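So the chains spell out like this:
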Amino acid sequence: MSSVAERPASAEEPAFPHLVGEAAESPAGPVDEAEAAELAKPPIVPLPRAAQMLRFSRRQIQYVFGARRRLGETFRMQTAMPGGPVVTSHPDHVRSLFTAKPELAPSLTGESPLRPILGTGSVLTSLGERHMRQRKLLLPPFHGEAIERYTEMITAATERELDRWPLNKPFAIAPRMQAITLDVIMAGIFGIGGRAERGTSEDRMRTTVKRLVNASTSPIGQAGELLSIGREDASGVIKLGVALLDRPTYAVIRARRADERLAERRDILSLLLQARTEDGEAMDDKEVRDELLTLVLAGHETTANSLAWTWERLVRNPEAHDALREATRNGGNAEEQIEATIVESMRSRPVVPFIGRRVTVPWRLGPYGVSADTPIGMSILLVHHREDLYPEPFEFRPERWLGRKPGTYEWIPFGGGIRRCLGAALAMAEMRVVLEATARRLDLEAAEPEPERALHRNVTMIPARGGRVVLRSRRT
Ligand code: HEM
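Residues numbered from 1 in each chain as written. Predicted model: local features only at pLDDT ≥ 70, side-chain atom pairs only at ≥ 80, totals over all residues. Heavy atoms only, no water.

**Side note on the coordination of the iron atom of the ligand**
- Its sole protein donor being Cys421 (SG), the iron atom of the ligand sits 2.3 Å from that atom.
- As for its placement among the helices and strands, Cys421 is situated in the loop between helix H17 (380-384) and helix H18 (424-441). (Donors = N, O, S within 2.8 Å, 3.2 Å for Na, K, Ca; no water. Helix = DSSP H or I, 4+ residues; strand = E, 2+ residues; numbered from the N terminus.)

**Quick look at the sheet that holds strand S4 (residues 171-172)**
- Strand order in this open sheet of three strands is S4-S12-S9, and the pairing throughout is antiparallel. Of all strands in the sheet, those with a lone pairing partner are S4 and strand S9 (442-446), marking the two edges.
- The pairing of S9 with strand S12 (residues 468-474) spans five bridges and is classified as antiparallel. Each residue of the ladder has a partner; that of Glu445, found in S12, is Val470. (Pairing = 2+ DSSP bridges.)

**Things to note about the site of the ligand**
- Every one of the 28 residues lining the ligand counts as a neighbour, but His131, Arg135, Arg357, Arg419 and Cys421 are closest to it.
- One nitrogen or oxygen atom from the main chain of Val123 is found 3.4 Å from an oxygen atom belonging to the ligand.
- Here an oxygen atom of the ligand and a side-chain polar atom of Arg357 are 2.7 Å apart.
- Within the residue set of the shell around the ligand, elements represented by two or more residues are helix H6 (128-138), helix H14 (285-314), strand S5 (354-359) and H18.
- With six residues, the top contributor of residues to the shell around the ligand is H14.
- Across the shell around the ligand, the residue classes tally to 16 nonpolar, eight polar and four charged. (Near = heavy atom within 4 Å. Polar contact = N/O pair within 3.5 Å; in protein donor to acceptor, adjacent residues only side chain to side chain. Nonpolar A, V, L, I, M, F, W, Y, C, P; charged D, E, K, R; others polar.)

**Section: the sheet that holds strand S6 (residues 363-365)**
- Within the open sheet, the three strands sit side by side as S1-S6-S7. Their pairing is antiparallel. In this open sheet, the two strands that pair with only one neighbour each are strand S1 (28-30) and strand S7 (368-370). When the angles between neighbouring strand axes are averaged without regard to direction, this sheet yields 15°.
- Note that S1 and S6 share three bridges and pair antiparallel. Residue Ala28 lies in a different strand from S6, and its bridge partner there is Leu365.
- Across the sheet, helix H4 (residues 91-98) lies against S1 and S6, angled at about 25° from S1, the strand it touches most. (Axes fitted to C-alpha atoms, helices over the stretch in contact; angles between N-to-C directions. Contact = heavy atoms within 4.5 Å.)

**Focus on the layout of surface pockets**
- Its volume calculated, the second largest pocket comes out at about 760 Å³.
- Looking at the second largest pocket, it is lined by 27 residues, and the ones nearest its centre are Glu339, Lys405, Pro406, Met428 and Arg432.
- Of all the secondary structure elements, the ones that give two or more residues to the lining of the second largest pocket are helix H7 (144-148), helix H16 (334-348) and H18.
- Split by residue class, the lining of the second largest pocket holds 14 nonpolar, five polar and eight charged. (1 Å grid on protein atoms, 1.4 Å probe; cavity = no way out; pocket = protein on both sides within 12 Å on 5 of 7 lines; lining within 4 Å. Points joined across faces, edges and corners; volume = space filled by probe spheres on them.)

In structure tokens:
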């Protein structure tokens, strides 16, 4: 059999047409009360509330696949959240929520466990007009063209990192990726060309973020997260962590406010400090702080773990690994193979496996109706593993994507609509650069043959052992 890299592919004619399919239509969207009342109610997962919450937060894969097997593509969970959430995995239902007017289906991120850390006013946690204003303000620095300016910096950070990896000794790839992605997001925020100088507030903020992210994997950190669900203010260990992080963050903000050249600066922090509402009001320190922490926390761990999952999959799928190595080393169609590998990795291991909206009017989800004020979760994991969309869904097959772009409501690792991930272009740019350099220069193997289990940390799903690999040889 010829290698996948040698096969022809064009945008019109996918090389592997049988590997991506279509779902049968399922009507969805706002309906009036009478229509909703006539429709059946989604089936309920028949487990005690506490057991469901624990399973969902610790073993989400088993939980959602089990519920779908028993109850179908739409079901209602029983949790601390009144009314659900109702979970769906049909692309038409997803489309109805992504394209709805924001006031009919506001995001559930405003109710997320991240709120005590990020505050209530950041682009991730706010709703309505405030959300739109913050999003408009932040879009330009995250736009494709602006991202291109970072490519050189990402490449340099990657090459430095790859040179340090030990030979013939197992190690976890996630923390190594995190070192790169943290530098990249900090550079975008503060406008520094590389890592901040030692002893500065920026450097202290970076170190504290790293420590807190690591601490959040500990059993104490995990318990703290569970306790903070539904709260607006931080408590216990989370409160302590927030206080540690706030000190350098506020110092950075104060120093930048005092900078005489603030008006000329184009980095994200300076843009936030210069922004004015229509009434001419500036953001206060607390608002700027919420925004900065959101970008740092939403922006670096997700990308690092997505890369770690990509390697976790590649080192266990020799055909896909060989195709990528061949394309990056021997002048094959590297760009397309890299893109296909990233898309397939984000399909099979979405780092954020679940997102939600709260409908403010009755809603139809295929054969079911739900009342106003129902939280609806979209299980990205379930959408990405539908047999009708992705035949052999549990196989890692980058060739699905040769000559084909992923569908807006079928491939949703970055969510969608007006809440679509603000950092998607940055994350994709980082993943392309890092994956290309790693595949071209390094020969990696799995440290252990068994696939890594998923660990759920806050809203993310990460490889439990950090993507352990062994480096067998390195090229310059
Ligand atoms: C592989 C990496 C990443 C993944 C998988 C990811 C995934 C997501 C998802 C699923 C959402 C929610 C979308 C929705 O509800 O429709 C989101 C929102 C967001 N992400 Fe990302 N993200 C990644 C990287 C980044 C980066 C690099 C940044 C940059 C700073 C970032 C900043 C944000 C922000 C600010 C939001 C909130 C947007 C809003 O509510 O308007 N993310 N992301």
